[in-house]
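Listed here are the chains, written in short residue letters.
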Amino acid sequence: MPVVGKLLRTVLAALLLLVVAIGLAITIVPRFLDRRYYEGPASDHYDGARFFNPDGDDTMAPPAGGSRGGFLWRQLTGSDDRPAWPETVAVTPAHPPARVEGTRMLVTWVGHATVLIQTQGLNILTDPVWGERAGPLGFGPRRVAAPGIRFADLPRIDLVLVSHNHYDHLEKATLRRLWQRDRPMIVTSLGNDSVIAQTGARATALDWRGTVQVRPGIRVAVTRNHHWGSRWFADRNRALWSSFVVQLPAGGNLFFAGDTGFGDGQWSAEAAALGPVRLALLPIGAFRFVPGQMASGAHIGPAHAALVFERLRAAHALAIHWGTFRLSYEARDTPPRMLKAAMTCLNRTGFDAIAIGRMVEVPLATAPPHTPATTPAAMLACLDTPAVRALR
């Protein structure tokens, strides 16, 4: 009996320690994960603790409605009758030149939001991700298409733009490799420099409307978009999200939208006010989380991407953020097919979806026609056709 009593006391003590450990974890671990990436004065998009979208925050609820747990379960299991994606997509990697001088602009889509832009003797890389999975600790969506440029074939990078801290846009392993190899200038928005610093790299972090000179005649402006940020569950919106305008000395500017929803749609006009846009990099995928959905609070789909293209008065645009990592419900080829229909609704050309690994020459900017801005309602009405409705 004494042995039984001792064993019982040991078990009860172990259970008590377990309860205490769980209680401590509940109170301590979230605070540990909830890192304060940035501290500064309050503003029209920062309340002194967290950032927010000043045009109304519609990014807090799960994009498909319902509970966040149910949304995550459906995403992990694919249990929402989603159309199948291919296991792999054939890619012919590009071999870009070392430099592109003068006003000539050569652009290569590496995949997802990663694009190499070469112009003015400058090599620019957006949201560089070469990893196999987009997520923490080896988890997350798997890449179905290999990078459009092998890392070994990547020319020396001068400028890196990092739009926010989600894993499919800020990959520490790739940033570490780039920093160790090239020591590029890295520009991001407030708070993300704290995450980037964990790689050993240094980044210039700016608020919306902030600018930094890259070299004489070339500046980067950090501009508003409509999104959110987090690396864990508890650190939501501790770092800012943004788009960028690279102001170039001739031929028109480069606009990189990052990852964005439509919001009030006015942020595109703010970017356009910085000068003619020669090339816009605009997301078109991860917009559908239930059948028939055309956009979410955090992600524009092809319909709204076409409206952003129109509001930017951009001469040319390249579709990004589709076909690399499966992040949503829609079929892999739905975004480019729907984009084609949306551009027909605008009676415009110049906004294209290309294959990963393809290099394209971007002509100099020319003034687009002055037309009234198409409303979202008018665009969705135009797309309400049997052909578009059939796209899953």
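Please refer to the structure placed before this passage.
No experiment lies behind these values; they were computed from the predicted model shown.

**Describing the pattern of salt bridges**
Consideration 1: Evaluation of the coordinates by the stated rule reveals 12 salt bridges.
Consideration 2: The residue Asp81 makes a salt bridge to Arg392 at a minimum N-O spacing of 3.6 Å. Highlighted residues: Asp81 in the loop between α2 (68-77) and β1 (105-111) and Arg392 in the segment after α9 (386-389), separated in sequence by 311 residues.
Consideration 3: Judged by its relative accessible area of 37%, Arg392 is partly exposed.
Consideration 4: Across the pair Asp384 and Arg389 runs a salt bridge whose closest N-O atoms are separated by 2.6 Å.
Consideration 5: The exposed category is assigned to Arg389, whose relative accessible area is 51%.
Consideration 6: Within the structure, one salt-bridge network assembled from shared partners comprises Asp55, Arg224, Asp264 and Glu270.

**Observations regarding the pairing of strand β12 (residues 316-320)**
Consecutive side chains along a regular strand alternate between the two faces of the sheet.
Consideration 1: Burial of β12 is extensive: five of the five residues sit out of reach of the surface.
Consideration 2: In this structure, strand β11 (residues 277-283) lies alongside β12, joined through five bridges in parallel fashion. Counted as the bridge partner of Pro283 is Ile320 from β12.
Consideration 3: In this region the chain leaves β11, passes through helix α6 (residues 302-312) and returns to the parallel neighbour β12; the handedness of that crossover is right-handed.
Consideration 4: As paired elements, β12 and strand β13 (residues 351-352) share two bridges and run parallel to each other. Looking at β13, one finds that Leu318 is bridged to Asp352.
Consideration 5: Handedness of the crossover joining β12 and β13 through helix α7 (residues 334-346): right-handed.

**Examining the sheet that holds strand β4 (residues 159-162)**
Consideration 1: Pairing in this open sheet of seven strands is mixed, and the strands run β6-β5-β4-β3-β2-β1-β14 from one edge to the other. The open sheet has two edge strands, β6 (204-206) and β14 (359-361), and neither has a second partner. Adjacent strand axes in the sheet meet at a mean angle of 20° when their direction is disregarded.
Consideration 2: As defined by bridge partners, β1 adjoins strand β2 (residues 114-119) across six bridges and the pair is classed as antiparallel. Residue pairing in the sheet places Thr108 in a bridge with Leu116 of β2.

**Here we look at the state of the cysteines**
Consideration 1: Counted by the stated rule, this structure contains one disulfide.
Consideration 2: Disulfide partner of Cys345: Cys382, at an S-S distance of 2.1 Å. Judged by the sign of its S-S torsion, about -95°, the cystine formed by Cys345 and Cys382 is left-handed. Of this pair, Cys345 sits in helix α7 while Cys382 sits in helix α8 (residues 376-382), and the two are 37 residues apart along the sequence.

**Structural notes on the environment of Gly350**
Consideration 1: Checked against the element boundaries, Gly350 lands in the loop between α7 and β13.
Consideration 2: Residue Gly350 is classed as buried on the basis of its relative accessible area, which comes to 16%.
Consideration 3: For Gly350 and Leu318, which are 32 residues apart along the polypeptide, the C-alpha to C-alpha distance reads 8.4 Å.
Consideration 4: Beyond its immediate chain neighbours, meaning those up to four positions away, Gly350 contacts Phe309, Ala315, His316 and Ala317.

**Concerning unusual backbone geometry**
Consideration 1: Residue Arg313 is not a glycine yet carries a positive backbone phi of 55°.
Consideration 2: Tracing the sequence through the fold places Arg313 in the loop between α6 and β12.
Consideration 3: The residue Asn347 is not glycine, and still its phi comes out positive at about 55°.
Consideration 4: Relative to the elements of secondary structure, Asn347 occurs in the loop between α7 and β13.

Rules behind the numbers
- Residues numbered from 1 in each chain as written.
- Predicted model: local features only at pLDDT ≥ 70, side-chain atom pairs only at ≥ 80, totals over all residues.
- Heavy atoms only, no water.
- Salt bridge = Lys/Arg side-chain N within 4 Å of Asp/Glu carboxyl O.
- Helix = DSSP H or I, 4+ residues; strand = E, 2+ residues; numbered from the N terminus.
- Buried < 20%, exposed > 50% of the residue type's maximum accessible area, 1.4 Å probe, protein only.
- Pairing = 2+ DSSP bridges.
- Right-handed = clockwise from strand over helix to strand, strands pointing away.
- Axes fitted to C-alpha atoms, helices over the stretch in contact; angles between N-to-C directions.
- Disulfide = S-S within 2.5 Å.
- Contact = heavy atoms within 4.5 Å.

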